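In case you want the letters, here they are:
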Amino acid sequence: MSPLKTFRSGGVHPPENKLSASSKIESFPVPKQVSVPLNQNLGAPAVPLVSKGDAVLAGQLIGKGEAFISSNVHSPVSGKVLKIDEMIDHTGYRRKAVVIIVEGDEWLPGIDRSEEIKKEIMLSRDEIIRKIHDLGIVGMGGATFPSHVKLMVPEGKKAEYLIINGVECEPYLTSDHRLMLEKGEQVLIGAKILMKALGVEKAIIGIENNKPDAIRHMEGIAAQFPGITVQALKVRYPQGGEKQLINAILGREVPSGKLPIEVGCVVHNVGTAFAVYEAVQKNKPLIERIVTVTGDTLKSPCNYLVRIGTPVKELLEKAGVDLEMTAKVINGGPMMGKALNSLEIPVVKGMSGLVLYAEEKALRVEPKPCIRCGRCITVCPMGLEPILLAQYGEKSFWDLAESNMIMDCIECGSCHYTCPSGRPLLDYIRLGKNKVGQIIRNRGKK
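Note that this is a predicted model, so its numbers are computed, not measured. Position labels on residues start from 1 in each chain and follow its written sequence. Totals for whole chains, interfaces and linings use every residue, but because this is a predicted model, local features are given only for residues with pLDDT of at least 70 and side-chain atom pairs only at 80 or more, for both listing and counting. Side-chain measures here rest on the full set of heavy atoms in the structure, leaving out hydrogens and waters.

Side note on the packing of helix α11 (residues 386-394) against helix α14 (residues 425-445)
Stage number 1. Fitting a line to C-alpha atoms yields each axis, with helices limited to the stretch in contact; the angle taken between N-to-C directions then spans 0 to 180 degrees. Only DSSP runs of H or I with at least four residues qualify as helices, and only runs of E with at least two residues qualify as strands; both kinds are numbered from the N terminus onward. One can describe the packing of α11 onto α14 by two numbers: an axis separation of 7 Å at closest approach and a directional angle of 60°. It follows from the interaxial angle that α11 and α14 lie oblique. The handedness of the crossing between α11 and α14 is left-handed. Note on element contacts: α14 touches α11 through L425, Y428, I429, L431 and G432, opposite P386, I387, L389, A390, G393 and E394. Geometric relationships in this document are graded by angle, where less than 35 degrees denotes roughly parallel, more than 145 denotes roughly antiparallel, 65 to 115 denotes roughly perpendicular, and other angles denote oblique. Helix crossings fall into two classes, left-handed where the near helix is turned counterclockwise from the far one by less than a right angle and right-handed where it is turned clockwise. By definition, residues are in contact when any of their heavy atoms lie within 4.5 Å.

Some points on α11
Stage number 1. Note on exposure labels: buried denotes an accessible area under 20% of the residue type's maximum, exposed denotes more than 50%, and partly exposed covers the range between, all computed with a 1.4 Å probe on protein chains only. Residues of α11 that are buried: P386, I387, L389, A390, Y392 and G393.
Stage number 2. Packing partners of the buried residues in α11 comprise α10 (375-379), α12 (398-403), α13 (414-418) and α14.
Stage number 3. At the C-terminal side of α11, S396 shows a positive phi close to 65°.

Here's the deal with the side chain of E168
Stage number 1. Its place among the elements puts E168 in the loop between β9 (161-165) and α3 (175-182).
Stage number 2. Positive: Lys, Arg. Negative: Asp, Glu. His and the chain ends are not part of the count. We count a salt bridge whenever a side-chain nitrogen from Lys or Arg sits within 4 Å of a carboxyl oxygen from Asp or Glu. No salt bridge is formed by the buried E168; its nearest oppositely charged neighbour, K18, is found at 4.8 Å.
Stage number 3. Nitrogen and oxygen atoms within 3.5 Å of one another constitute a polar contact, given that in protein one can donate a hydrogen and the other can accept it, and given that sequence-neighbouring residues count only through two side-chain atoms. Within the structure, the side chain of E168 is placed 2.9 Å from the backbone nitrogen of D176, a separation counted as a polar contact.
Stage number 4. Among all residues touching E168, those that are not within four sequence positions of it are K18, L173, T174, S175, D176, H177 and K211.

Comments concerning the environment of F68
Stage number 1. The topology assignment puts F68 in the loop between β5 (61-64) and β6 (73-74).
Stage number 2. Under the relative-accessibility criterion, F68 is labelled exposed at 55%.
Stage number 3. Those residues in contact with F68 that lie beyond four places of it in its chain are H148, V149 and M152.

A few points about the side chain of S35
Stage number 1. With respect to the helices, strands and loops of the structure, S35 is situated in strand β2 (residues 33-37).
Stage number 2. On the accessibility criterion, S35 (14% relative accessible area) is buried.

Without other data, these values stay purely geometric and don't point to any function.
See the structure below:
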């Protein structure tokens, strides 16, 4: 095993709490009804292709991603469309979704549901990218950027490395860990597919050293895949950020405001690599994913393979969660995740986990005045000044926020975590990023 690496500056080490690391992936029962949001990706929502009363099969296209940065949406179940309506989704906003009453479990013909592992990659580069687009594959690490767009290298740029993100640095979450242990070969075939689409000869899988079993397992399989290596990394949050991961593995720094392709890299999550394998080799759309259910208020934290659109409440009930003792349910990890305001919210493509807190952990401390200690600056992995950016967001100083590079913030929450005064730094920075992003987009339209 090569020496442990990590990124250059900043970062924290919160308690890992990987309570479900030994819990094997279980298939979650098909629910009686699903609500499938039409916007499960970064970018524009899909346009519905079905109407009330239509019969659908599992895997059938029900929403077309027509914009450049958009993604197709497929039915995760067979049944009948009850309605297309606006409802609260994982973002907390009301957005359009297709509600389907489940009838049986009939799949669209042509989807290979067998356990056979298909190694030979038959499709060409262009066919791979088209298949990934058609079957609705997005980034499974949480960002949900349409995966086919990442493979379309801009003219004048060249990809040298594919980096597969197996870091899973967020506390509590273990869905990627279990995926590597249980579907490692499929993940590596997915990586080979992505390499072919990018035209690169080298891929590196980054895994933090708190997953020694996954490192050993993936190294053993990678020996059969020329050009793919595994890099063990020091445990340091937020190592899963793509800019931090590139810096840790290759020592390259992505310039401010630029994408990884500027330094010859493209980064995909291990869950994305698996979804690419299923799409290209099995013709299977992204209609289910692994979700970790963990935290304070259940006895046996678990990892479920769940159909998209399944109500969160059903996962919690099956996992044996004490809902009366649960004060907060977080979509994602405790550092970057966001609290849900309803348990009727459906599982979506980017939902890697649900973290449950009892009341004593759910309550925030009362914020105190900033003591100018500078800890938030020390831990910022992007070299920003979080206290200033938060103040600009709080006071609506959008010009100052932009000039101080608020858009470079990766929203890792390290500043918020380390603040001794309990200042809601990330909240105000997110507010500022959202507003400055709107200003930049409007400026581009003029």
